[in-house]
Structures are given as C-alpha cells and as structure tokens.
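# Summary of the model geometry
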Amino acid sequence: MAAAIYAEHSLNVDWKDHLTDVPGGYAGFNTSIGVSQVQVETAKLLEEKGYMPKIIRVDDGLTYLETGSIYDTETMMRVNSLRDPKTNIRYAAAYLKNFQDNWASEYPVIAGDSAVLTTLFNQGQLNPPHPNPTPNDFGRFAAKYYSHVCGLLGL
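In what follows, the accompanying structure is described. (Residues numbered from 1 in each chain as written. Predicted model: local features only at pLDDT ≥ 70, side-chain atom pairs only at ≥ 80, totals over all residues. Heavy atoms only, no water.)

## A closer look at the pattern of salt bridges
Worth spelling out the cut-off: We count a salt bridge whenever a side-chain nitrogen from Lys or Arg sits within 4 Å of a carboxyl oxygen from Asp or Glu. A run of H or I in DSSP counts as a helix once it spans at least four residues, and a run of E counts as a strand once it spans at least two, with each numbered from the N terminus. Type-normalised accessible area, obtained with a 1.4 Å probe on protein chains alone, sets the label of each residue: buried when under 20%, exposed when over 50%, and partly exposed for intermediate values.
Per the counting criterion, the structure on display carries three salt bridges. Here E47 and R78 are joined by a salt bridge, their closest N and O atoms 2.6 Å apart. Of this pair, E47 sits in helix α3 (residues 40–48) while R78 is found in helix α4 (residues 74–83), placing the two residues 31 residues apart along the sequence. Summarising the burial analysis for this pair, E47 and R78 share the class buried. Measuring nitrogen to oxygen at the nearest pair gives 2.7 Å for the salt bridge that ties K97 to D101. Here the residue K97 and the residue D101 both occupy positions in helix α5 (residues 85–103), the gap between them amounting to four residues, near one helical turn. By relative accessible area, D101 is classed as partly exposed at 37%.

Pasting the structure below:
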C-alpha cells in the first residue's frame, strides 16, 4: 500500500494534479484524487462491489454517504471522500483487496507480490486474471522501494 503511494507521488503526481484534480472531479471527469491518487470511477466501482460504503440518493434530492454526510451530488460526495487522506487510503486499500480477491484463484501468490499488485493498482482492470502477470515500470519501481518505505514507516 505504502509503496503504491510512494510510486504515485514519485512518478505520477505534480503541481498540475494539485490544481486540477478536484475541480475536474467536481465537473465529472474521472480524475485521480488524493494521497493515493484514486480515480473517481474506481471509487464508485469499489462502492458498488461492497468494498467501501455506498453513496446513496434519497427522495429529498440530497446525496448521503451511508454514514449520513450530505453533499450536492453523488460525484461531489465521492470527490470529497477522496480528498480526505484517511478515506483515500481506505479506498486504495480496498482497491488492492479487490485485486487480491479477483486474482487469487489464477495467481495464488498475489497478496505477497508487491510488484504485480502495484502494477494492477496503476493499470486498473485492463486484463482478466491469469497465472503469469508481469509488473510494469510502476510496479517494479514500487517493489524496488518497498523496503525503503517500510523502513520509513518503522515496519
């Protein structure tokens, strides 16, 4: 998890992201938001699959998270959820768990393969599960710095 965040911030995040991601998300674009750079549509997918609490609409036209928070639209609620670092990390952890669940039957060592897990985190659902996944540059970078990140966290 931490290696994926480290790789995101080392390879994919710059000042433009900080200026454009949240406004883009509010406008309905599938931007990557927050510390883990979770895409708005990925967050929605994780809610639909039951990995995260659902955002629901009720008759009064307001949008609520199952916990009772109110926002104007479902998309704004999701973007605001992703802006909170703790919630953002939970979405990212749920995304990794989703990959572990989906890939376990085809690639049983998925939970211990940080290079492949972070590759999937980076690529999304491009390919169906199979027994011979290979990491991309992002996944190799995350795996290379995995021990370093663990050390920074005192693990």
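## Re the side chain of T118
Selection rule: The criterion used for residue contact is that any of the two residues' heavy atoms lie within 4.5 Å.
By secondary structure assignment, the location of T118 is in helix α6 (residues 114–123). Setting aside chain neighbours within four positions, we find T118 in contact with A4, F138, G139 and A142.

## A closer look at unusual backbone geometry
Positive phi values are uncommon outside glycine, yet Q37 reaches one of about 55°. Tracing the backbone through its elements, the reader meets Q37 in the loop between β1 (32–33) and β2 (38–39).

## Quick word on a nonpolar patch on the surface
Operational definition: Patch membership requires more than 30% relative accessible area and the absence of a salt bridge. Residues of like charge join within 9 Å; the nonpolar side chains Val, Leu, Ile, Met, Phe, Trp and Tyr join within 5 Å. Accessible areas in this description were obtained via Shrake-Rupley with a 1.4 Å probe; residue shielding takes into account the shown protein chains only.
A grouping of L152, L153 and L155 is seen on the molecular surface, where their side chains present a nonpolar patch of about 380 Å² in accessible area. With respect to the helices and strands, the residue L152 is situated in helix α8 (residues 146–152). Residue L152 is classed as exposed on the basis of its relative accessible area of 60%.

## What about the nonpolar core?
One broad trend across soluble globular proteins is that nonpolar side chains are buried collectively. Operational definition: What we call a nonpolar core is a set of buried Ala, Val, Leu, Ile, Met, Phe, Trp, Tyr and Cys residues that are connected through their side-chain atoms within 4.5 Å.
By size, the foremost hydrophobic cluster in this structure holds 22 residues, and its most contacted members are L82, Y91 and I110. Take this core: its biggest share by element is seven residues, from α5. The residues touching I110, leaving out its near neighbours within four places in the chain, are Q100, W103, A104, V116, L117 and L120. A7, F138, F141 and A142 belong to the second largest nonpolar core, which has five residues in total.

## Some remarks on α3
Given 3.6 residues per helical turn, the α-helix brings residues three or four places apart onto the same face. The condition that has to hold: This arc is taken over the directions from the axis of the helix to the C-beta atoms.
Listed as buried for α3 are V40, T42, A43, L46 and E47. Axial view of α3: buried residues confined to an arc of 160°, hence all on one face.

## With respect to the packing of aromatic side chains
The test is simple: Planes of paired rings set the category: under 30 degrees apart is stacked, over 60 is edge-to-face and the rest tilted, where pairs are Phe, Tyr or Trp rings (Trp by its six-membered ring) whose centres lie within 6.5 Å.
Overall, the coordinates contain five aromatic pairs when judged by the stated rule. Plain terms: the ring middles of Y6 and Y145 are 5.5 Å apart, the flat faces sit at 45° to each other, and that makes the pair tilted. In this pair, Y6 sits in helix α1 (residues 2–12) while Y145 sits in the loop between α7 (137–144) and α8, placing the two residues 139 residues apart along the sequence. One aromatic cluster in this structure is built from Y6, F141 and Y145.

## Focus: the packing of α3 against α4
Rules: Geometry is summarised by axes, namely lines fitted to C-alpha atoms with helices restricted to the contacting stretch, and by angles between N-to-C directions that run from 0 to 180 degrees. Any angle from 65 to 115 degrees is called roughly perpendicular, while one under 35 is roughly parallel, one over 145 is roughly antiparallel, and all others are oblique. Under this grouping Gly is polar, as are all residues other than the nonpolar Ala, Val, Leu, Ile, Met, Phe, Trp, Tyr, Cys and Pro and the charged Asp, Glu, Lys and Arg.
Closest axis-to-axis distance for the α3/α4 pair is 10 Å, and the angle between their directions is 100°. On the basis of their axis angle, the class for α3 and α4 is roughly perpendicular. Across the interface between the two elements, V40, A43, K44 and E47 from α3 touch E74, R78, V79 and L82 from α4. Taken together, the residues of the contact of α3 with α4 break down into four nonpolar, no polar and four charged.

## Topic: the environment of V149
Here V149 is to be found in helix α8. Take V149: its relative accessible area is 7%, and that puts it in the buried class. C-alpha separation for the pair V149 and Y6, spaced 143 residues apart in sequence, amounts to 7.5 Å. Here V149 is in contact with A2, A3 and Y6, once residues within four sequence places are set aside.

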